[in-house]
Each structure stands twice: as structure tokens, then as C-alpha cells.
Amino acid sequence: MPPSPDFLRPLLMSGPSGVGKSTLLQRLFAEFPDKFGFSVSHTTRAPRPGEVDGKHYYFVSREEFQNLLGENAFIEHAEFSGNYYGTSFRTVREVSAGGRRCILDIEAQGVRQVKKTDLNPVYLFVSPPSLTALRSRLQGRGTETEASVAKRLATALKEIEYAKEGAHDVVIVNDDLDRAYGLFRKVALGEQVTGDTLPPLDD
Ligand SMILES: Nc1ncnc2c1ncn2[C@@H]1O[C@H](COP(=O)(O)OP(=O)(O)OP(=O)(O)O)[C@@H](O)[C@H]1O
């Protein structure tokens, strides 16, 4: 069977930090090791212990990054805490040229920039069932300080406001992980699905 038309379009995932995007992606890559490719971003921040160049990020100097910016190499880019991050057109092309569906994980500012390009991805928003659940996942992950949880929650509200504008093609509520994954794998495989309804997220 030929792949469905949507399988040929990149899949752009967004959603607040802690909502479970990495968890869903890990399951997908484990189930389908050859079908998908993650778009590796460029960054000027220093690698953390264990991070591999070309796998977690392409680590580049500020000068290299600025040169790439000058060449319009990026689909989207942003500066966080003094470091640049960006997704290059070339990276996405390389994944697609390898016959895999390219999956991108991009925050709301970047999504706005992507919308101005001709990338034409499927826009997926992964939503928490409630803000209370998001808070407890961020706290429970054990990787964040209290200040960092507060910062991520403030950013989460911006992501959610953007989703409320109807910026995405599909919404998946990550309530029960098995249920959410069942829907996610269909979207990733390019099946036409009725997504979830965005919860009120006003708690
Ligand atoms: N459906 C779920 N129910 C309960 N807990 C979940 C669910 N999905 C994921 N989690 C847990 O929530 C925490 C955050 O998940 P994860 O790290 O995948 O989020 P993320 O969206 O990738 O965050 P970031 O953008 O910061 O990388 C993890 O501890 C994960 O095990």
C-alpha cells in the first residue's frame, strides 16, 4: 500500500513542556525504528554531559549560527537564555530524502515562523488534560527546580493561548498515555483521525 498523502508531510509537534511529547516520541521510535526521523536542531549552547553532536543537537559557534542565519538556512529560530536554537531546512530535507517522515518539536514562536514558510507540515498540539496535571508532571519528572517549573508553566500558558486560537490541525490530549499514544501513532502514520477537543485549561 502506498503511504497516505499526509505521511509525506512533516509532522510538527508542539505543546507545553512536561506534557509528554518526548514520552510519545520514544514509544513511536521504539515501535517504528525505520519510519520516522527527528529533526535535530542547531544550537549555540554548550553540550551537556552525554549529549552527542548531530544526535541531540548540532553544536555550533555563534559565528557559524549567524552565518547560517544570513544564508536563510533556518525554517525557524529563537534565542533562549542567551543561546540560539534553530531548525534548518537542510536537516528536514535530509530526513525526508532518507524516506522517513520528519518529526519536529517546536514551540509556539517557532510555529508562527514555520507558518510563513512552504514547509506545509501537519500541525499537532499535545495538550495536558488540565493545568493541575501539567504542574504535577513537571514536578514529578524530577528534572526541574521550583523556579524552572514556574517558568515552564508561564511559557505553557502562551502555548495554550496559541492552541486556543485554533492554530493546529489536530489536538491530542495526553490524559491516559496508552490512549494518547494510540491516537498519536495514527496521526504519525498519516491516518485521517478525529482529534480530541481542547480542554478548557483554565484551572
Ligand atoms: N499520560 C501521562 N500520564 C501521566 N504522566 C505522564 C503521561 N505522559 C507523560 N507523563 C510523564 O510526564 C513527565 C513529562 O513528560 P515528557 O518529559 O515526555 O514531556 P515533554 O513534553 O517532552 O517535556 P519537554 O518539552 O520539557 O521536553 C514525565 O515524567 C512522563 O513520564
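Every chain is numbered on its own, with residues counted from 1 as its sequence reads. Only residues with pLDDT of 70 or above have their local features reported here, since the model is predicted, and side-chain atom pairs are shown and tallied only from 80 upward, although totals for entire chains, interfaces and linings are computed over all residues. As a rule here, side-chain values come from all non-hydrogen atoms in the structure, and water together with hydrogens is ignored.

S.K.: Would you mind showing me how to read the overall build of the protein chain here?
M.R.: In terms of helices and strands, the protein chain carries 7 helices and 9 strands. In this treatment the radius of gyration is a C-alpha quantity, and the globule benchmark scales as 2.2 Å times the residue count to the 0.38 power. Taking 17 Å as the expected radius of gyration for a compact globule of 203 residues, we find that the protein chain reaches 17 Å, a close match to that expectation. Principal-axis analysis of the C-alpha atoms gives the protein chain an extent of 50 × 45 × 35 Å. Each of the 203 residues in the protein chain was classed as buried or not, and the buried ones make up 46%. In what follows, residue pairs with any heavy atoms lying within 4.5 Å of each other are defined as contacts. Of the contacts made within the protein chain by residues no fewer than 6 positions apart, 68% connect residues no fewer than 24 positions apart. To measure how exposed things are, a 1.4 Å probe is used in the Shrake-Rupley method; for residues, cover is taken only from the protein chains shown. Surface exposure of the protein chain reaches about 10800 Å², of which carbon and sulfur atoms provide 51%. Charge counting follows a simple rule: Lys and Arg are positive, Asp and Glu are negative, and His as well as the terminal groups are ignored. Where a charge lies is defined by one atom per residue type, namely NZ (Lys), CZ (Arg), CG (Asp) and CD (Glu). Side chains of the protein chain carry 25 positive and 27 negative charges; the gap between the two charge centres is 1 Å. What counts as a helix is a DSSP run of H or I of at least four residues, what counts as a strand is a run of E of at least two, and both are numbered from the N terminus. Whether a residue is buried, partly exposed or exposed follows from its accessible area with a 1.4 Å probe, protein chains only, as a fraction of its type maximum: under 20%, in between, or over 50%, in that order.

S.K.: So what exactly am I meant to see when it comes to the confidence of the model for the protein chain here?
M.R.: Low-pLDDT stretches of the model should not have their predicted coordinates read in fine detail. The predicted model of the protein chain averages 93 in pLDDT, with 99% of residues at 70 or higher. If you check the scores for this complex, the pTM reads 0.92 and the ipTM reads 0.91. A residue's pLDDT is simply how confident the predictor is in it, with values from 0 to 100.

S.K.: Is there a simple way to explain the site of the ligand in this structure?
M.R.: In these notes, residues near a molecule or strand are those with any non-hydrogen atom within 4 Å of it. Taken together, 15 residues lie near the ligand, and Ser 17, Gly 18, Ser 22, Thr 23 and Asn 174 sit nearest. In this structure, Ser 17 approaches the ligand through a side-chain N or O atom, which is 2.6 Å from an oxygen atom. Take Ser 22: an N or O atom from its side chain is 2.5 Å from an oxygen atom of the ligand. Burial of the ligand by the protein amounts to 71% of the accessible area it has alone, namely 650 Å². With 3 residues, the single largest contributor to the shell around the ligand is helix 1 (residues 21–31). Residue classes follow a fixed rule: Ala, Val, Leu, Ile, Met, Phe, Trp, Tyr, Cys and Pro count as nonpolar, while Asp, Glu, Lys and Arg count as charged, and any other residue, Gly among them, counts as polar. Tallied by class, residues from the shell around the ligand come to 3 nonpolar, 6 polar and 6 charged. Polar contact criterion, stated in full: a pair of N or O atoms within 3.5 Å, where within protein one must be able to donate a hydrogen and the other to accept it, and residues adjacent in sequence count only if both atoms are side-chain atoms.

S.K.: Would you take a moment to explain the environment of Leu 104 for this structure?
M.R.: For Leu 104, the position within the fold is in strand 7 (residues 101–105). Residue class for Leu 104 comes out buried when judged on its relative accessible area of 1%. The spacing of Leu 104 and Asn 72 is 32 residues in sequence and 18 Å in space, taken between C-alpha atoms.

S.K.: Got a minute to help me understand the sheet that holds strand 4 (residues 57–59) in this structure?
M.R.: The criterion for strand pairing is that DSSP finds at least two bridges linking the strands in question. The 4 strands lie next to each other as 4-3-6-5, forming an open sheet whose pairing is mixed. Each end of this open sheet is capped by a strand with a single partner; those strands are strand 4 and strand 5 (74–80). On average, each strand axis in the sheet is tilted by 25 degrees relative to the strand beside it, whichever way the strands run. Pairing geometry for strand 3 (residues 41–43) and strand 6 (residues 83–88), over 2 bridges, is antiparallel. By the bridge assignment, His 42 is partnered in strand 6 with Gly 86. In this fold helix 2 (residues 62–70) packs onto strand 3, strand 5 and strand 6, with an angle of close to 140 degrees to the strand it touches most, strand 5. Between the N-to-C directions of two axes lies an angle of 0 to 180 degrees, each axis being a line fitted to C-alpha atoms and, for a helix, fitted only over the stretch in contact. The sheet strands contacting helix 3 (residues 89–97) are strand 3, strand 4, strand 5 and strand 6, and the helix crosses strand 6 at an angle near 40 degrees.

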